[in-house]
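An overview of the molecular structure
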Amino acid sequence: LADQCIKSKVKKLVVTPQEINNAAVLGAGIMGGGIAYQSACKNIAITLKDINQEALDLGMSHACNLLEKQVARGKITAAQMGKIICKINPSLDYASLNNADIIVEAVVENPNVKSQVLAEVEKHVNSNCVITTNTSTISIDLLAESLDRKDKFCGMHFFNPVHRMPLVEIIRSKYSSEDTINKVVQYSLAMGKSPIIVNDCPGFFVNRVLFPYLAAFNQLLVDGADFIQIDKVMEQEFGWPMGPAYLLDVVGLDTAYHAQRVMASGYPHRMPLAETNIIHELFEQNNLGQKTNSGFYLYS
Ligand code: NAD
């Protein structure tokens, strides 16, 4: 696995965050809002672009809520909160991307929508701008085909919640230049993240590790185990931050099911879809996890 997928672990890199003064994120959803918040907290101005005002308002209120918690805990002052929030520029307009040094596309996980958005973005950015995608499952080589400047494009896969998860997978396409990868590494480090560089393959690195674990979890449930007990053991006794059921609720059962199918088609012998698939059952019932207030657990 490591030979095929992980290219190298980033170790000695000079951080030059001043090269990235302006970032932009497309899509103000769970991930886009989190990326904007994290960038702003690290003093990098960021444009948050969406197609609807409601999503922008939600993204901004998500960032405000996180900052208010920090103020309440005494980690930052109200004045600092004001300065951080001013670093995020909410926008509905592609023209607002014209001075971006780096773009993170974080719109819905649909190859056609992403391809259209990427092609449109390229018309509005300067020729040095690096464009990245936060896709969890779509081939980076495939998405690169929608761009003219393919060398200035790669994957930049953050994890949810962005402000708490250190890892960022930087995924090379067959066209990505070293300069592009370096710039994305610099941006990741400037955001306080730990980047790894991986090749383009189904599941990149993390989902190749995660989905066999989730398949084992599914089998335990089929064999009659209780998900609450499994979560309890993984969290309290094994020491992981969360167990598999809660993790799936946070990620979203729709996102997880979609990724599961990608893994099954990429690795049909090693990761086939199980005959009884609890992720699929919850997805079919629209119990999508925290986003619908019900998944494995109920939320209010
Ligand atoms: P989401 O549904 O919460 O947000 C998507 C946003 O994109 C919405 O606000 C929508 O209005 C906006 N959008 C749609 N079309 C657009 C367009 N043409 N231009 C600008 N904005 C547009 O989705 P999400 O969970 O934030 O996922 C976004 C991306 O991040 C997906 O590719 C997903 O696979 C990836 N991702 C998600 C997670 C996760 O745990 N949810 C983790 C890692 C990566």
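As the structure is a prediction and not an experimental result, all values here were calculated from the model. Each chain carries its own residue numbering, running from 1 in the direction its sequence is written. Selection of residues for local features in this predicted model requires a pLDDT of at least 70, selection of side-chain atom pairs for listing and counting requires 80 or more, and totals for whole chains, interfaces and linings are taken over all residues.

1. Things to note about the overall build of the protein chain
Quick reminder of the rule: For the purposes of this entry, the term helix denotes a DSSP run of H or I that reaches at least four residues, the term strand denotes a run of E that reaches at least two, and both are numbered from the N terminus. Comment: burial labels come from other C-beta atoms within 10 Å of the residue's own C-beta, placed from the backbone, where a count of 20 or more is buried, 12 or fewer is exposed, and between is partly exposed. Contact between two residues is assigned when their C-beta atoms, built from the backbone, lie within 7 Å.
Assigned secondary structure in the protein chain consists of 12 helices and 9 strands. In terms of its C-alpha atoms, the protein chain occupies a principal-axis envelope of roughly 55 × 45 × 40 Å. Per-residue burial over the protein chain gives 41% buried out of 300 residues. Contacts in the protein chain between residues at least 24 apart in sequence constitute 67% of all its contacts with a sequence separation of at least 6.

2. Observations regarding the pairing of strand β5 (residues 102–105)
To keep things clear, this is the line we draw: For two strands to be treated as a pair, DSSP must find at least two bridges joining them. Convention used here: a crossover is right-handed provided that the path from the first strand, over the helix, to the second strand proceeds clockwise when the strands point away from the viewer.
Side chains Ile102 and Val104 project from β5 onto one buried face, and the interleaved Ile103 and Glu105 project onto a second face that is buried too. Direction of pairing for strand β2 (residues 22–26) relative to β5: parallel, over a ladder of 4 bridges. Opposite Ala23, over in β5, you have Ile102 as the bridge partner. Examined bridge by bridge, β5 and strand β6 (residues 130–133) share 4 bridges and lie parallel to one another. When the bridges of β6 are listed, Glu105 appears paired with Thr133. The parallel pair β5 and β6 is bridged by helix α5 (residues 111–124), and the resulting crossover is right-handed.

3. Remarks on the packing of helix α2 (residues 30–41) against helix α3 (residues 53–72)
What counts is decided by this rule: Angles run from 0 to 180 degrees between N-to-C directions of axes, and those axes are lines fitted to C-alpha atoms, restricted for helices to the stretch in contact. Throughout this description, any angle smaller than 35 degrees is read as roughly parallel, any larger than 145 degrees as roughly antiparallel, any in the 65 to 115 degree range as roughly perpendicular, and the remainder as oblique. Crossings are assigned a handedness: left-handed for a near helix turned anticlockwise from the far helix by less than a right angle, right-handed for a clockwise turn. Any residue outside Ala, Val, Leu, Ile, Met, Phe, Trp, Tyr, Cys, Pro, Asp, Glu, Lys and Arg is labelled polar, Gly included; the first ten of those are nonpolar and the last four are charged.
With their axes 9 Å apart at the nearest point, α2 and α3 run at an angle of 50° to one another. When the axes of α2 and α3 are compared, the pair comes out oblique. Like other packed secondary-structure pairs, α2 and α3 cross with a definite hand, here right-handed. Residue-level contacts link Gly32, Gly33, Ala36, Tyr37 and Ala40 of α2 to Leu58, Gly59, His62, Ala63 and Leu66 of α3. The class makeup of the residues in the contact of α2 with α3 is 6 nonpolar, 4 polar and no charged.

4. Brief notes about the site of the ligand
So the rule is basically this: Each residue gets a C-beta atom placed from its backbone. If that atom is within 6 Å of a molecule or strand, the residue is near it. Reported domain spans reflect what an automatic or database domain assignment gives.
Neighbouring the ligand are 27 residues, the closest being Gly27, Gly29, Met31, Ala55 and Asn160. Listing elements by their share of the shell around the ligand, those giving two or more residues are α2 and α5. Here the element with the most residues in the shell around the ligand is α2; it accounts for 3 residues. Looking at the shell around the ligand, you find at least three residues from each of domain 1 (2–199) and domain 2 (207–292).

5. Some thoughts on the UniProt feature "domain: 3-hydroxyacyl-CoA dehydrogenase NAD binding" (unreviewed entry) in the protein chain
We apply this condition: UniProt positions are given in the numbering used here, feature names are shortened, and annotations may be inferred rather than shown by experiment.
In the UniProt entry, the feature "domain: 3-hydroxyacyl-CoA dehydrogenase NAD binding" (unreviewed entry) is given for residues 23–201. Taken end to end, residues 23–201 is 41% helix and 21% strand, and its two terminal C-alpha atoms sit 26 Å from one another.

6. A short note on unusual backbone geometry
Between Asn160 and the following residue, Pro161, the backbone shows a cis peptide bond with an omega angle of -5°. We note that Phe204 has phi near 45°; this positive angle belongs to a residue other than glycine. Despite not being glycine, Asn293 shows a phi value in the positive range, around 65°. Structurally, the position occupied by Asn293 is in the segment after α12 (278–284).

7. Description of the domain arrangement of the protein chain
The domain architecture assigned to the protein chain consists of domain 1 (2–199) and domain 2 (207–292). The residue makeup of the side of domain 1 that touches domain 2, split by class, is 1 nonpolar, 3 polar and 1 charged.

8. Topic: the packing of α3 against helix α4 (residues 78–86)
The contact between α3 and α4 brings their axes to 10 Å, and the two run at 155°. In terms of their interaxial angle, α3 and α4 are classed as roughly antiparallel. Read as a crossing pair, α3 and α4 show a hand that is right-handed. Between α3, through Ala63, Cys64, Leu67 and Val71, and α4, the contact on the second element is made entirely by Ala78, Met81, Ile84 and Ile85.

9. Quick look at the confidence of the model for the protein chain
We count it as follows: Known as pLDDT, the predictor's per-residue confidence is scaled from 0 to 100.
On average, the protein chain scores 93 in pLDDT, and the residues at 70 or more come to 94%. Overall, residues 1–8 carries pLDDT values under 50, and its contacts beyond four positions in sequence, including any with other chains, amount to 16 contacts. As a predicted assembly, this complex carries a pTM of 0.89 together with an ipTM value of 0.98.

10. Considerations on the UniProt feature "domain: 3-hydroxyacyl-CoA dehydrogenase C-terminal" (unreviewed entry) in the protein chain
In the numbering used here, UniProt assigns the feature "domain: 3-hydroxyacyl-CoA dehydrogenase C-terminal" (unreviewed entry) to residues 203–299. Within the segment residues 203–299, helix and strand shares are 59% and 0% respectively, and the terminal C-alpha atoms sit 29 Å apart.

11. Re the nonpolar core
Note the cut-off: Only buried residues count toward a nonpolar core: Ala, Val, Leu, Ile, Met, Phe, Trp, Tyr and Cys, linked into one set through C-beta atoms within 7 Å.
Residues Ala23, Val25, Ala36, Ile46, Ile103 and Ile170 are the most contacted members of the largest nonpolar core, which totals 55 residues. Among the elements that take part in this core, α2 stands out by supplying 7 residues, more than any other. Once you skip the residues sitting within four places of it in the chain, Ala36 turns out to touch Val25, Ile46, Leu48, Gly59, Ala63 and Ile88. Within the second largest apolar cluster, 23 residues are counted, among which are Ala245, Met271, Leu282 and Phe296.

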